[in-house]
Amino acid sequence: MTFRVLTAELSHETNTFSRRVTGAQAFRDRYVLIGDEAAAARSEANTELAGFLDAGREHGWQIEHVLSAAAAPSGKVERAAFEFHCDPIVAAAERGRFDGILLGLHGAMVLDFCEDGEGELLRRIRASISRDIPIAITLDPHANVSPQMCSLADIIVSFRTYPHIDIRETGHRAGAILHRTMSGEIKPKTIRVSRPMLEETNGGRTDVGPMIERLAAAKNYEGHADVFAVSINAGFASTDIADVGPTILVTCQGNLDQHIAFAETLAEDIWTRRHETLNNYMNVDEVAAIGSAFDPRNGPLVIADYADNPGAGGYGDSTALLCALLEARVENACFGPMVDGEVVQVLQRSEIGRRVRISLGGKMDPEFGGGPLDLEGELIAISEGDFIGDGPILGGLHRSCGPSAVMRVDGIEILIVTIAQQMLDLQQFKSFGIEPESKRVIAVKSMQHFRAAFEPIAGQVIVCDSGALCTLHYERLPYRNVPRPIFPLDPDMSLN
Ligand SMILES: [Zn+2]
């Protein structure tokens with residue numbers, strides 16, 4: 001029997017503290033690919049859709065792919081932008097008489113009219129199809145998974161790596177479980193347990209630390225005949241909503257009490273080890289001092305500007321780290337990306353090689369990570385900002401930074417872009433003529449994803465909390481909607 005499967009990808013990680021609202025243009029800036037256009041761009045890369053198509057080929061499905069759309073992490077998604085992408089998925093589901101639905105979602109989308117973006121999408125799909133049609137979804141482990149999402153989707157599978165290098169594999173896994181469900185072999189549901197925390201203490205880091213053991217336990221439990229997927233979600237802290245925080249999901253059947261008891265053991269481990277921080281978060285002066293004295297014999301020093309990560313909704317225009325590096329007279333360095341479209345427009349009217357004066361960054365919210373820097377330097381390059389990744393996360397995928405420029409100020413080459421992008425891939429420097437391998441110091445706006453491409457070339461990696469919007473000093477953020485008490489806002493709380 002040939003199953004008919006509807007697929008779609010819709011992804012946004014919403015930082016509800018960001019002033020940058022997420023409208024339709026923000027999706028167009030990242031990607032909006034309709035139908036076959038999406039398969040052409042994404043089927044041979046580390047994407048959910050590639051994994052869905054792998055499963056479809058394996059099982060001979062007839063697939064209708066509606067769309068693939070994502071916006072960079074930023075503020076709440078406007079209703080019109082949500083409905084522009086949601087409506088065609090719902091309409092296709094209603095029209096298509098499908099045997100199953102398979103969606104690549106993020107899990108931390110907040111709408112300007114609803115806290116639970118993915119729950120709202122699933123609610124609308126469910127309202128237009130029979131309850132018997134299974135829905136499988138994949139999630140980024142930085143998902144804040146609501147009970148509603150678990151009751152509306154039968155199958156939920158999250159990535160198991162951070163940096164996320166297993167996105168395609170996750171799509172394939174979800175597709176395989178969906179196939180068994182459509183065939184009538186299994187009848188899964190997804191259970192959820194949580195702890196009152198903003199996020200798992202190390203943001204779900206999987207390369208070192210306690211998550212390695214948790215994932216091994218999860219994988220082992222998946223050996224149970226009635227267990228199809230165990231997902232460990234770190235949650236996403238920059239979200240002021242009721243269902244914030246880490247969750248353990250088990251997609252399973254049979255003895256649910258037993259599966260809940262297992263999930264509780266993982267959740268309890270996340271709770272009891274909440275003080276085990278893996279990164280040493282230095283301030284900007286500490287990292288600048290290390291940078292100015294660094295011996296690059298074994299490769300460059302990589303400094304992560306953790307708090308201004310555009311991949312978590314940071315504005316990408318915080319100046320505190322760049323200012324400290326310039327003051328410490330760090331030589332032979334590169335820095336990027338700095339998001340400042342206004343400055344790029346000025347630079348694009350100038351000539352390569354010219355000395356120019358600019359007022360760079362710090363425009364979105366100087367309270368978080370510093371105000372504009374008045375700089376003079378040499379314009380090195382201008383570009384339309386397109387690049388194709390070649391690293392473990394973005395390999396083969398096209399991205400755009402919008403109109404971009406490179407300036408050299410004292411010893412630092414600064415990549416200035418229009419569209420916010422986390423630094424994920426060496427091509428984000430190389431495509432603009434910056435050679436990161438040859439630098440003594442590389443400063444990147446990223447929390448953890450940079451490690452996939454930059455650790456192999458790094459002599460040392462250090463992490464900086466520059467005080468920007470994604471700072472670990474959560475007490476600086478105006479949380480109103482998260483349930484209290486919650487860790488770490490209420491550090492002395494106990495669980496009964
Ligand atoms: Zn993530």
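Relevant structure appears above.
What comes next concerns the included structure. Remember, predicted model here, so these are calculated numbers, not experimental data.

What counts and what doesn't
- Numbering of residues begins from 1 in every chain and follows the order in which that chain's sequence is written.
- Only residues with pLDDT of at least 70 get local features here, since the model is predicted, and only at 80 or more are side-chain atom pairs given and counted; chain-wide, interface and lining totals rely on the full set of residues.
- Just so you know, side-chain values use all the structure's heavy atoms and leave hydrogens and water out.
- The pairing criterion is simple: DSSP has to find at least two bridges between the two strands.
- Helix and strand definitions follow DSSP, with helices as H or I runs of at least four residues and strands as E runs of at least two, each counted in order from the N terminus.
- Any pair of residues with heavy atoms lying within 4.5 Å of one another is described as a contacting pair.
- Comment: axis = line fitted to C-alpha atoms, over the contacting stretch for helices; angle = value between 0 and 180 degrees taken between N-to-C directions.
- Take the buried residues of types Ala, Val, Leu, Ile, Met, Phe, Trp, Tyr and Cys, join any two whose side-chain atoms come within 4.5 Å, and each joined set is a nonpolar core.
- Exposed residues in this analysis have more than 50% of their type's maximum accessible area, buried residues have under 20%, and partly exposed residues fall in between, with area computed by a 1.4 Å probe over protein chains only.
- In this description, the arc belongs to the directions extending from the helix axis to the C-beta atoms.
- With water omitted from the atoms examined, metal sites may look incomplete; donors here are N, O and S atoms no farther than 2.8 Å from the metal, or 3.2 Å in the case of Na, K and Ca.
- A four-donor site is classed as tetrahedral when every donor-metal-donor angle falls between 85 and 135 degrees; four donors are called square planar, and six octahedral, when trans pairs exceed 155 degrees and all remaining angles lie between 65 and 115, with any other arrangement labelled irregular.
- The disulfide criterion is simple: two cysteine sulfur atoms within 2.5 Å.

On to the sheet that holds strand S10 (residues 281–282). Ordered by their spatial adjacency, 9 strands build an open sheet running S10-S20-S11-S19-S12-S18-S17-S14-S13, and the pairing between neighbours is mixed. Of all strands in the sheet, those with a lone pairing partner are S10 and strand S13 (355–360), marking the two edges. Where strand S11 (residues 301–305) meets strand S19 (residues 441–444), 4 bridges bridge the pair, whose relative direction is parallel. Counted as the bridge partner of Val 302 is Ile 442 from S19. The strands that helix H10 (residues 284–293) touches are S10, S11, S19 and strand S20 (460–464); relative to S20, the one it contacts most, it runs at about 160°.

Core analysis: the biggest nonpolar cluster contains 39 residues, and Leu 6, Ile 89, Leu 103, Leu 121, Ile 125 and Ile 137 have the highest contact counts within it. Looking at this core, the elements that each hand over two or more residues are strand S1 (4–11), strand S3 (62–70), helix H4 (79–96), strand S4 (100–105), helix H5 (117–128), strand S5 (135–139) and helix H6 (147–152). Per element, the largest residue contribution to this core is 7 residues, and it comes from H4. Excluding residues within four positions of it along the chain, Ile 125 makes contact with Ile 89, Val 90, Ala 93, Ile 101, Leu 103 and Ile 135.

On to helix H12 (residues 341–348), then. Buried within H12 we find Gly 341, Val 343, Val 344 and Leu 347. The arc that holds the buried residues of H12, viewed along the axis, is 155°, so those residues lie on one side. Exposed and facing more than 90 degrees away from the buried side of H12 are Glu 342 and Gln 345. Those residues of H12 that are buried are in contact with strand S12 (333–339), S13, strand S14 (373–383), strand S17 (404–409) and strand S18 (412–417).

Attention now moves to the coordination of the zinc ion. For a metal with four donors in a tetrahedral arrangement, the ideal angle between donors is 109.5 degrees, while six donors in an octahedron ideally sit at 90 or 180 degrees. Bound to the zinc ion on the protein side are Asp 140 (OD), Asp 140 (OD), His 142 (ND1) and His 164 (NE2), at distances that span 2.1 to 2.5 Å. In this structure, the zinc ion is surrounded by 4 donor atoms whose angles at the metal cover 55 to 144°, and the resulting shape is irregular. Positions of the donor residues of the zinc ion along the chain correspond to the pattern D-x1-H-x21-H. Residue His 142 is found in the loop between S5 and H6, and its partner His 164 is found in the loop between strand S6 (155–158) and helix H7 (167–182); the two are separated by 22 residues along the sequence. On the basis of relative accessible area, His 164 is assigned to the buried category, the value being 3%.

It is worth spelling out the state of the cysteines at this point. Taken as a whole and assessed by the stated rule, the structure comprises 0 disulfides. In this structure Cys 86 is not part of a disulfide, and its nearest cysteine sulfur, from Cys 114, lies 11 Å away. Take Cys 86: its relative accessible area is 0%, and that puts it in the buried class.

This brings us to the pairing of S20. Judged from the 2 bridges that link them, S10 and S20 form a sheet pairing that is parallel. Opposite Tyr 281, over in S20, you have Val 463 as the bridge partner. As judged from the 5 bridges shared by S11 and S20, these two strands associate in the parallel manner. Looking at S20, one finds that Ala 304 is bridged to Val 463.

With that settled, the discussion passes to the side chain of Asp 166. Of note, Asp 166 is situated in the loop between S6 and H7. When residues no more than four places from it in sequence are discounted, the contact partners of Asp 166 are Asn 46, Phe 159, Arg 160 and Thr 161.

Attention now moves to unusual backbone geometry. The bulk of non-glycine residues show a negative phi, and the bulk of peptide bonds are trans. Omega for the peptide link from Gly 336 to Pro 337 comes to -10°, which places this bond in the cis form. Topologically, Pro 337 is positioned in strand S12. The peptide bond linking Phe 487 to Pro 488 adopts the cis configuration, its omega dihedral lying at 5°. Phi at Arg 329 is positive, roughly 55°, even though this residue is not glycine. Mapped onto the elements of the fold, Arg 329 is located in the loop between helix H11 (320–327) and S12.

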